[in-house]
Every structure is written in structure tokens, then in C-alpha cells.
Amino acid sequence: MITEEELSGFKDTVFSYSDITYKPREQGWEMTRRYIAEHTLIYIVDGKGKLCCDARTYVVEQGKIFLLAPGQIVGGKVESTEPVRFYMIPFSYHSLKNDSTTSRDLPFLNEGDVSIRDTSQILTLLKQMYEKKDSQDPLQQWHQRILFQEVIYTIVSDIKRKRENGDTNLVIERVLRYIHEHYMKEISVKGIAEMFGLSPTNFSRIFTNYVGVKPTNYITQLRIQKSKELLYTNQRLKVVAQSVGYQDELYFSRIFKKTVGISPTIYVKRTNKRIVTINPNLNDYFITLGVQPVATYYYEGISQVNGHLPYLAEKMAGTKIIGRVDQPNYDALLRSAPDLILNGERPTHQLKSLEKIAPTIVSGVDDDWKSLLLEFSRLIDRKEQALLWLNEFEAKASKARNTLSKLVEDQETVMVLIVTKKGIRIYGGRRQLGVILYKELGLTPPPGIQLHSHFEYTNLEHLKALNPDHIFLSTWAADSCEEEIKLLKASYIWNCLKAVETNQVYEIDHWLNLHAPLKNMITIDRIIECLGER
């Protein structure tokens, strides 16, 4: 719906499009779900089918207009014997006053199904635009742009008219918002209809025409989608059922099986889940459990091999790289058909887009990597494998402690020092390499380094005061910091440290300071190798 504030801004807004295409699609043609990267206008010339946009399903038929927004997940299908023919126009807009504007400023562009009183005028304008599509005449190209402004003007004018006349679509938008805010409570079609001043029969008819499914089915679909996400958090079935509006867990199970095809219990325990990891550091956990993710994001570290952590590259050979944290590729993510997405310890601004594709778990690299391994093992029904692996790790750590007791004197101290562009970090025993050195292997940090701390930035004077016997030296993953390392090694204080004077500084790969199971196994071997070569 267009507000007065939005209307006042139209005089300064320019709409432009990159292309106009005319596409016939034959009976049975199906568009796999894909991510919409820019605003798109679709006009249906003729034919019948369905268009799925996020959680909604729209009827496709002659004269229908759809406005799709960036970030939406869209799919479609031709259902008529005759082909569906349509115009499609990706477009953008900007303000002449402000250098740019966003879809947040003009929410009517996210309408989905746009109801226009007379679509023949829109069709005439689109035909004229398409006829001029390949023209090299600057005047004709200019006219094309004017025609598109006219298309937008016609749509906006009609939406404005409906607002002034009191449009029932506004009521349905409010209903949808109410359902999404109260699906976890006891709600009924009759109750919602009465709340918005409609009879149940009239309300169901209007809702179905607008959304594409009956209100009862919409509420069920929403609840089941939310329940899928909760089932992966290991909550009891009764709690999940109540969290999505079902007080009876047996009734919830019947509805879930009817909708999904399998029971909630089987859904959670289903083997061979297709896992996608948004944080590539989580891949270690799943490889440990014997599950190879089908897709992941590019590892940004300087030592990457084919986009993966170097020590995992061979094991991840069949896993597709589908984007980067700052350059997500939602189409590639859709094609990977995940059952579960691990968002990891990453910015969550992409979370809404991810949740449209598959249940998404936000799970950071916890301080307690063992608990995190067990958490992931429960998600994919691999708890037995996790417990066996943890027993192997403890046996390896115990053997290593015995070996190190013969290599390192009790009074000798060991320190982790990481050089970054921002400065020098020293690590405590809370996570990463520190937790292996101090907690798993029992080595001693210099006085002043706390076992409960993660890391802190330090300076040369502080290093001089700590004066460790052994230093494990590395850099941050994203940069080799060659100049910073060179300056450190050239300093007088550095060369006066005990570890430097006794040649007990061990330069290690940056990824050894990560926080994951397989890496920790490798770390133990590397620590013994370094301390044993004196």
C-alpha cells in the first residue's frame, strides 16, 4: 500500500529498466525456485499456472501483474494446455534528491500480485516497449524509458485509487501480519474473520483469491515450516508442538506427517541430510562426523586450497563453493537443495533469505568445541560417532601429555602469539590454540595470561615482562602480515626474549589457531613436533 509520504516522493523518483523480454512457456514447464536479485515486473499475456513467491502461491492467468522484490525466492509452473506467455522486466529506481533509494522506501514494490482495474493499457505500453527493444535510435530508446515510466505510473495510480476507495487487499495484508505474529497461539478462521469484520465465508474467499491458498492451509504451512526449524534445535516434540500452536503433540505429528510425508521424529533422524555451511570453519565438525556438506562458502584465508581450508581440501573435493559471505549466491544455494543450513558465527543480515530456502540454524563456533560437536551430532543423528571420536581425542591428548612431560620442564612457559594488522595478540586458554596448549595438554602459560580469557592485544614492553620460554607464532587468517612480522623480528625487545635467544619460537600455519575437532588432532601432532625438535 502506498503512503502519502511515498506519493510525495514520486516527483523526484526515476524508474529505469535493464531489459524487456517476452517468454512463452509450454505445458508442464516448471521454473525451479530461484533468488530474485533485483526488482522485477511480470505481466501475464495468457495461459494459466502458479507462481510461488516465498511462502505464498499466486494464480497465474491472463492480465495478472506481479511485482517481485530483491531477496524473494520465486518458482513457477505452467498448468494449462496452452503455453503461458509473459513479459518480464528487471528494473531499478533512484531519487533525484538522494543518490539512491531502496525497496524499504517504496514497499509497494514488494506487493507480489498487483490487482489493476484495467490491464489492457499496461499491455499496450509493454508491446510498444518490446517493439522498440532493438532500436539503435537514441530518440526511440528515450521513448522506451518514458513508456516504462508510464507503466509504473499506471500501476501506482491504480493502487492509489484503491487505497482511497478502501481496498480489501489492505485487510488481507493486516490478516497476514496477524497470522505471522500469532501462529503459535490458538487462532481460527472464524475468529480472524470476526476480528476484521468479515463473515468466515467471505473472508475465506477473499483470502484464497489474494494469497492463492485457503487460510487454514496457509496457517498450517506456516506452522509446519516453523516447526522444522525448531525440530533441529533438539527441543522435545511436545515443546515444538506447543511453540507452533498445537497443544496436542499427537495431533501435531499427524498434521506434520500429512504435510511433509514423514513424521517429525523421522524428519529429524533422516540420514544423508544435505548440509550447507555458511561458515566454512564448521566443515571440520561435519567431516569429523562422517558427513560431507553438499555446499559451503569460500574460505577467505590466505592459505585456501580450491576455496577450502587447506587441511580439509581433499576431504571437501565434492563440496561446491556457492558464494562468499559478502557475495552470497542464493540461486546456487537453492540448486544445492539443502535439508539444513548452518549459518554459523556470521552476520545474520542474510538470515531471512536463508530461512526461505531451508531450515537455518545459527550456531557459532562455541568456546566449548566438544559440546558443539555433540550438538551437531544430534542434529544429524551421529551422536555415537561423536562420542567415539571424543574418546579417540582424549586418548591422543593423554598420550601427548605424557610425551610433553618429558620434553618440557614444569617451570617452562608457553605462549601463543598472533600477529595481525591491528597489532599483536596473546591468547589465553578459553578457545583455539590456547585451549589445546593449556587445558588439553597441560602446558603452562606465562604469569599474567589467564586461562579463562580468549585473547588480548599487547605490546613489546608487555612481551618483555611475560618473557616466555616457548612461543608459537602465527598470523591472522586473512593476511600474511609479512611487514608486521619483519618489524617484530627486527625489534630489540624481541631479540632479548628467552624463547628467541634459545631458538624456541615455532612458526605455525594460521589455521592451527582455529577451533575445530580435526584441526585439534593435527595441532597436537604439530605441538609435539615443535617442542621435540629442540
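Note that the coordinates shown come from a computational prediction; the quantities given were computed from them, not determined experimentally. (Residues numbered from 1 in each chain as written. Predicted model: local features only at pLDDT ≥ 70, side-chain atom pairs only at ≥ 80, totals over all residues. Heavy atoms only, no water.)

**Regarding the overall build of the protein chain**
A count of helical and extended segments in the protein chain gives 21 helices and 22 strands. The principal-axis extent of the C-alpha atoms belonging to the protein chain is close to 85 × 65 × 40 Å. Classification of the 534 residues of the protein chain by burial places 50% in the buried group. Of the contacts made within the protein chain by residues no fewer than 6 positions apart, 69% connect residues no fewer than 24 positions apart. Accessible surface for the protein chain amounts to roughly 26200 Å². Of this, 49% is attributable to carbon and sulfur atoms. For the protein chain, the centre of its 68 positive side-chain charges and the centre of its 65 negative side-chain charges are spaced 6 Å apart. (Helix = DSSP H or I, 4+ residues; strand = E, 2+ residues; numbered from the N terminus. Buried < 20%, exposed > 50% of the residue type's maximum accessible area, 1.4 Å probe, protein only. Contact = heavy atoms within 4.5 Å. Areas by Shrake-Rupley, 256 points an atom, 1.4 Å probe, with all protein chains shown as cover. Lys, Arg positive; Asp, Glu negative; His and termini not counted. Charge placed at Lys NZ, Arg CZ, Asp CG, Glu CD.)

**Examining helix α15 (residues 383-407)**
For α15, spanning 25 residues, the distance from its first C-alpha to its last is 36 Å, which sits close to the expected 36 Å at 1.5 Å a residue. Those residues of α15 that fall on the buried side of the exposure criterion are Ala 386, Trp 389, Leu 390, Phe 393, Ala 397, Ala 400 and Leu 404. (Expected span 1.5 Å × (residues − 1).)

**Some points on the environment of Arg 430**
Its location among the elements puts Arg 430 in the loop between β19 (424-427) and α16 (432-440). By relative accessible area, which is 32% here, Arg 430 ends up partly exposed. Leave out the neighbours within four places in its chain, and Arg 430 touches Asp 367, Val 435, Lys 439, Leu 451, His 452, Ser 453 and His 454.

**Considerations on the confidence of the model for the protein chain**
Confidence in the prediction of the protein chain, expressed as mean pLDDT, is 87, and 91% of residues score 70 or more. Long-range and interchain partners of residues 100-104, a stretch whose pLDDT sits below 50, account for eight contacts in this model, where long-range means more than four residues apart. (pLDDT = per-residue confidence, 0-100.)

**A word on the sheet that holds strand β3 (residues 30-35)**
In spatial order, the strands read β3-β8-β5-β6; together these four strands make up an open sheet with antiparallel pairing. Each of the sheet's edge strands pairs with one partner strand only, and the pair in question is β3 and β6 (56-60). Adjacent strand axes in the sheet meet at a mean angle of 15° when their direction is disregarded. The sheet contact formed by β3 and strand β8 (residues 73-78) spans four bridges and is antiparallel. Bridge pairing in β8 links Met 31 to Gly 76. (Pairing = 2+ DSSP bridges. Axes fitted to C-alpha atoms, helices over the stretch in contact; angles between N-to-C directions.)

**Let's talk about the packing of helix α14 (residues 369-379) against α15**
With their axes 8 Å apart at the nearest point, α14 and α15 run at an angle of 155° to one another. The angle between α14 and α15 places the two elements in the roughly antiparallel class. Crossing of α14 over α15 shows right-handed handedness. On the side of α14, the interface is formed by Trp 369, Lys 370, Leu 373, Leu 374, Ser 377 and Arg 378, while α15 contributes Lys 383, Ala 386, Leu 387, Trp 389, Leu 390, Phe 393 and Glu 394. Taken together, the residues that form the contact of α14 with α15 break down as eight nonpolar, one polar and four charged. (Parallel < 35°, antiparallel > 145°, perpendicular 65-115°, else oblique. Left-handed = near helix turned anticlockwise from the far one by under 90°. Nonpolar A, V, L, I, M, F, W, Y, C, P; charged D, E, K, R; others polar.)

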